[in-house]
Amino acid sequence: SSDLSRAAFDALRRAGVHGRSADFAKREPSLFWRGPCATCAAPGAALARLTKTRPDLFDARCSSDCFNARESGAPAEGKRPRPTSVSRHRYAFGAPGDPDAWAPGAAVLLWDEPTVEWYSPGLAANDTHVVVDAASVEAVVEGLNADPKAAAALAAGGGIGGGGPL
């Protein structure tokens with residue numbers, strides 16, 4: 001139920017999983033993602049290509065040596081990222097089933113697709129995350145960088161307009 005999801009998100013926030021980060025402004029103004037080939041098929045491949053053309057905005061790699069990683073020119077890493085790698089960035093990318101999207105203190109960008117996860121009822125676009133796709137993700141990251149207050153509010157769970165459900 002939605003109440004259960006809200007309770008779960010409140011617990012995560014209290015634990016600091018999606019809380020304020022005093023260091024948000026000091027983080028690299030880029031989006032971080034590492035993931036398996038299953039995710040790489042659509043969003044991962046798009047992000048890996050952007051990493052090659054816009055390394056100032058994207059740090060995305062497939063965690064295995066797959067066709068998409070080789071074609072994008074962004075080499076695979078072959079391992080899970082260390083928490084310090086994730087926390088260096090202002091933005092974390094998520095696709096369904098990706099636990100790294102909810103990095104402590106990062107603003108979350110979720111891939112636009114119809115998959116429903118257990119936590120989906122507790123999400124509100126532009127409050128808990130921003131929805132992106134291949135056509136919008138670059139402009140969204142640029143827009144968040146252009147409005148640091150909105151980006152910090154999103155990272156704090158307060159949303160772009162502030163006062164979100166988290």
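Preceding this section is the structure that the text describes.
Quick summary incoming for the structure in this document. (Residues numbered from 1 in each chain as written. Predicted model: local features only at pLDDT ≥ 70, side-chain atom pairs only at ≥ 80, totals over all residues. Heavy atoms only, no water.)

Here the focus is the pattern of salt bridges. Per the counting criterion, the structure on display carries five salt bridges. The partner of Asp56 in a salt bridge is Arg54, and the shortest N-O contact between them spans 2.8 Å. As a salt-bridge pair, Arg88 and Asp59 come within 3.7 Å of each other at their nearest N and O atoms. Highlighted residues: Arg88 in the loop between α4 (83–87) and β3 (89–94) and Asp59 in strand β2 (residues 58–62), separated in sequence by 29 residues. For Arg88, a relative accessible area of 39% translates into the label partly exposed. (Salt bridge = Lys/Arg side-chain N within 4 Å of Asp/Glu carboxyl O. Helix = DSSP H or I, 4+ residues; strand = E, 2+ residues; numbered from the N terminus. Buried < 20%, exposed > 50% of the residue type's maximum accessible area, 1.4 Å probe, protein only.)

Strand order in the open sheet formed by five strands is β2-β1-β3-β4-β5, and the pairing between neighbours is parallel. Sheet topology places β2 and β5 (130–132) at the edges, where each strand pairs with a single neighbour. Looking at each pair of strands side by side, their axes are set apart by 25° on average, direction ignored. Here strand β1 (residues 28–35) pairs with β2 via five bridges, running parallel. Across the sheet, the residue bridging to Arg34 is Arg61, located in β2. Strand contacts of helix α6 (residues 148–155): β3, β4 (107–111) and β5, with the helix running at about 80° to β4, the strand carrying the most contacts. (Pairing = 2+ DSSP bridges. Axes fitted to C-alpha atoms, helices over the stretch in contact; angles between N-to-C directions. Contact = heavy atoms within 4.5 Å.)

One non-glycine residue, Asn126, lies in the positive phi region at around 75°. Examined against the element boundaries, Asn126 turns out to sit in the loop between β4 and β5. Given the relative accessible area of 38%, Asn126 is considered partly exposed.

Another aspect to go through is the packing of aromatic side chains. Enumeration over the complete set of coordinates arrives at three aromatic pairs. With centroids separated by 6.5 Å and ring planes inclined at 75°, the aromatic side chains of Phe24 and Tyr91 adopt a geometry described as edge-to-face. Of this pair, Phe24 sits in the loop between α1 (2–14) and β1 while Tyr91 sits in strand β3, placing them 67 residues apart in sequence. The class of Phe24 is buried, set by a relative accessible area of 6%. Pairing Phe93 with Trp111 gives two aromatic rings, centres 5.8 Å apart and planes at 75°, and the pair type is edge-to-face. (Phe/Tyr/Trp six-rings, centres within 6.5 Å; stacked < 30°, edge-to-face > 60°.)

Spatial relationships are all this shows, so hold off on functional conclusions.
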